[in-house]
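This is what each chain is made of:
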Amino acid sequence: MTGESFHIETLAVHAGAAPEPATGAVSPSIHLSTIFERDADGGYSRGYSYQRKANPSRAALETALAALEGGAAAAAFSSGSAATTAIFQTLSRGDHLVLPGDAYYGTRVILSDCLAPWGLEVTYVDVTDLAAVRAAMRPNTRMIWVETPSNPMLKVSDIAALAELAHDNKALCVCDNTLATPVLSRPIPDGADFVVHATTKYIGGHSDILGGVIVTKELGPVFERVKHLQHALGAVPSPFDCWLALRGMRTIALRVRAQASSALELARFLTKHARVTAVHYPGLEDAPGHAIAARQMRGFGGLLSFQVRGGESAAMAVAAKCRLFTRATSFGGIESLIEHRASIEGPGTTTPPDLLRVSVGLEHPADLIADMTQALGP
Ligand SMILES: *Cc1c(COP(=O)(O)O)cnc(C)c1O
C-alpha cells in the first residue's frame, strides 16, 4: 500500500496494517524480543536477527510512514533530533549545506555544536528568497534543507522550486515536514529527496513519545547509509514507542484538519485584538507566504504565533493567565499549548521577545477563543 493510489485518510488507517498471519490479530502486536531465531542453515529467512537492526514493530511504523509520505522506504529513530543528525551524517567533511535562517533551533545546535568536528560548511539564508538561495549555492553544496512552515515564525517556502535548485546543483533537497505533516504537505511528490519528521509532534499526536523518521523518495546509496547509521549507531525507538507512534498516526488526518480549522479561527480572532501587534499564520490572506501555502498545502496547520503589545513581560503575563492553553514546549498534541519561545530557545535565539507560539489542540475553538480573550484582557 504505497504511492498515490489512496487518499491520505485511507493510507493513515491501512498502511502497514495487515492482520498478523500467525494469529489473525487485527491490532498490531508489540514485539519486545531483542533477538530472533536463526535458521538451521545459519540464515535469517524471516528477516530479523537483532532488534537494533530491525524488528517487526519498527518495520510496521516505517512501512506506514513511507506510504504516508509517498516514499519508497523509511528509517525510524529515537527522536527527531537523531533523525536529523543521521541525515547530516551522510555528508562528508568539506560538504556544504544551505539551511533556512529560522531553521528549528535544535537543528542549528546540532550543526553548530555537536557536528562541528564533522567539518561541514553551513550557510543560513532566507529560503523564501529563491535568489538568495541561488546565490548561496557553491560547487560543493550537497544539500538544501527546507522547513515549511518554519518554526516559530511560520514562514512558507516553495518546496518544488527549492528541490529544482538543489537538483540543478546535484544536491539533495531534504524537507523537515514535522510542522505541516503529510496530511497538509507532501514534499516527496513535490520534488524533495528525503523527508524528516519529529514523530514526537503530530504523528505521535498525544505528547507521550519521542521519535523521528527519515523517509526516502527512492532506494539508493544515501538511504543505505541512513540504514547503516541507524543500525550501527543505535539511536532507534523502542518497540513500544513505535507502536504508540503508529497508533497515533492512524488518526492524524482527522486531528490535523480539526487543529488547522481551529487555528484559522484563533488567528482571525487575534488579528482583530487591540493588544496583538502581529499574527504569524499562513492561513491569513495577507500573510507573506499565503499564496504559496494555498497552492502547496491542503490546509494551513495547527501552529501559529503572535506578538503582544508591551514586550516580553506582557507576553509572559498573557501566557500566565491562560487556563485552557497549557504552558509547555513542543506542539502537535491533542491539548492546546502556549509558549514564550525566545526564553526556551536561549542564547542566539532570533525569535522576537514579545512572541508567543500556540499549538492548537482538539478543544472546541470557541472555548479556546474565550480563554484567549480573558488572558489578553481589555
Ligand atoms: C521537535 C522538532 C525536531 C526535533 O525533534 P525531537 O523529537 O524533539 O528530537 C526537529 N524538527 C522540528 C521542526 C521540530 O519541531
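Preceding block: the structure.
Quick look at the structure, then.

Conventions adopted
Residues numbered from 1 in each chain as written. Predicted model: local features only at pLDDT ≥ 70, side-chain atom pairs only at ≥ 80, totals over all residues. Heavy atoms only, no water. Buried < 20%, exposed > 50% of the residue type's maximum accessible area, 1.4 Å probe, protein only. Helix = DSSP H or I, 4+ residues; strand = E, 2+ residues; numbered from the N terminus. Pairing = 2+ DSSP bridges. Near = heavy atom within 4 Å. Polar contact = N/O pair within 3.5 Å; in protein donor to acceptor, adjacent residues only side chain to side chain. Areas by Shrake-Rupley, 256 points an atom, 1.4 Å probe, with all protein chains shown as cover. Nonpolar A, V, L, I, M, F, W, Y, C, P; charged D, E, K, R; others polar. Contact = heavy atoms within 4.5 Å. Axes fitted to C-alpha atoms, helices over the stretch in contact; angles between N-to-C directions. Salt bridge = Lys/Arg side-chain N within 4 Å of Asp/Glu carboxyl O. Parallel < 35°, antiparallel > 145°, perpendicular 65-115°, else oblique. Left-handed = near helix turned anticlockwise from the far one by under 90°.

### So, the pairing of strand β4 (residues 141-147)
Within β4, six of the seven residues are buried, which leaves the element mostly enclosed by the surrounding structure. Where β4 meets strand β5 (residues 172-176), five bridges bridge the pair, whose relative direction is parallel. Counterpart to Trp-145 in the pairing with β5 is Val-174.

### Considerations on the site of the ligand
Contacts to the ligand come from Ser-79, Gly-80, Ser-81, Tyr-104, Asp-176, Thr-178, Ala-198, Thr-200, Lys-201, Leu-210, Gly-211 and Phe-331. Asp-176 has a polar side-chain atom sitting 2.7 Å from a nitrogen atom of the ligand. At 2.7 Å, a side-chain N or O of Thr-200 approaches an oxygen atom of the ligand. When the ligand is considered free in solution it has 380 Å² of accessible area, and contact with the protein chains removes 92% of it. Class assignment of the residues belonging to the shell around the ligand gives a composition of four nonpolar, six polar and two charged.

### Topic: the sheet that holds strand β12 (residues 355-359)
Strands sit in the order β8-β9-β12-β11-β10 across an open sheet of five strands; the sheet is mixed. Each edge of the sheet is formed by a strand with only one pairing partner; in this case those strands are β8 (276-280) and β10 (326-327). Where β10 meets strand β11 (residues 337-340), two bridges bridge the pair, whose relative direction is parallel. Paired with Arg-327 across the strands is Ile-338, a residue of β11. Helix-sheet contacts for helix α11 (residues 252-271) involve β8, β9 (303-308) and β12, and the interaxial angle to β9 is about 15°.

### Here's the deal with the pattern of salt bridges
Applying the stated rule across the entire model yields 13 salt bridges. Between Arg-46 and Asp-39 there is a salt bridge; the shortest N-O distance is 3.9 Å. Ionic pairing is found between Arg-138 and Glu-121, a salt bridge with its closest N-O pair at 2.5 Å. Placement of Arg-138 in the loop between α5 (130-136) and β4 and of Glu-121 in strand β3 (residues 121-125) is noted, with a sequence separation of 17 residues between them. Since its relative accessible area comes to 34%, Arg-138 is described here as partly exposed.

### Some remarks on the packing of α11 against helix α15 (residues 365-376)
Contact geometry of α11 with α15 gives a least axis separation of 10 Å together with a crossing angle of 30°. Accordingly, the angle class assigned to the pair α11 and α15 is roughly parallel. Crossing handedness for the pair α11 and α15: right-handed. On the side of α11, the interface is formed by Ser-262, Glu-265, Leu-266, Phe-269 and Leu-270, while α15 contributes Pro-365, Ile-369, Met-372, Thr-373 and Leu-376. Here the residues of the contact of α11 with α15 sort into seven nonpolar, two polar and one charged.

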